[in-house]
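Take a look at the letters that make up each chain.
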Amino acid sequence: VQLVESGGGLVQAGGSLRLSCAASEGAFSTFAIGWFRQTPGKEREFVASVSRSGSGLYYGDSVKGRFAISRDNAQSRVYLQMSSLKPEDSAVYYCAADFRTMATSPQACDYWGQGTQVTVSS
């Protein structure tokens with residue numbers, strides 16, 4: 001499975017960005033997808049995940065109410081809509097596929113994308 005993130009960039013605090021995760025795998029609906037983020041010297045942090053069907057949505061405490069995850073199984077894509085961005089949201093954002101659980105833990109994920117940089121200026 002190959003995952004490719006896009007949509008990162010530089011945005012001012014309070015602004016919005018939409019990240020996209022495109023998967024090469026034809027059986028896209030067989031795995032949950034999670035978004036994680038990481039800054040230098042810190043562990044990878046769970047941001048959000050979506051179940052195989054798209055009905056189960058999970059969020060990290062720091063992004064609840066500001067970020068929204070969704071998936072389009074027909075297009076093999078998962079989206080992360082980020083709003084009310086803060087400087088502390090700056091990080092490299094990764095999407096990951098989890099065949100067994102809900103993609104809420106980095107250790108449970110089987111495949112990773114290369115990451116996309118998000119920078120929020122104050």
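Overview of the structure. (Residues numbered from 1 in each chain as written. Predicted model: local features only at pLDDT ≥ 70, side-chain atom pairs only at ≥ 80, totals over all residues. Heavy atoms only, no water.)

### A word on the pairing of strand β7 (residues 67-72)
Side chains F67, I69 and R71 of β7 all project onto a buried face; the interleaved residues A68, S70 and D72 project onto a face where none is buried. Here β7 pairs with strand β8 (residues 77-82) via six bridges, running antiparallel. Along β8, the bridge assignment pairs R71 with V78. The antiparallel pairing of β7 with β8 creates a hairpin that spans four residues between the two strands, and S76 there sits at a positive phi of about 55 degrees. (Buried < 20%, exposed > 50% of the residue type's maximum accessible area, 1.4 Å probe, protein only. Helix = DSSP H or I, 4+ residues; strand = E, 2+ residues; numbered from the N terminus. Pairing = 2+ DSSP bridges.)

### Here we look at the nonpolar core
Among the nonpolar cores identified, the biggest contains 26 residues, and I33, W35, L80, M82 and Y93 are the most heavily contacted of them. Counting only elements with at least two residues in this core, the list comes to β3 (17-23), β4 (32-38), β5 (45-50), β7, β8, β9 (91-98) and β11 (116-121). Judged by nonpolar contacts, the second largest core, of six residues, contains F36, A96, A103 and C109. (Core = buried A, V, L, I, M, F, W, Y, C linked by side-chain atoms within 4.5 Å.)

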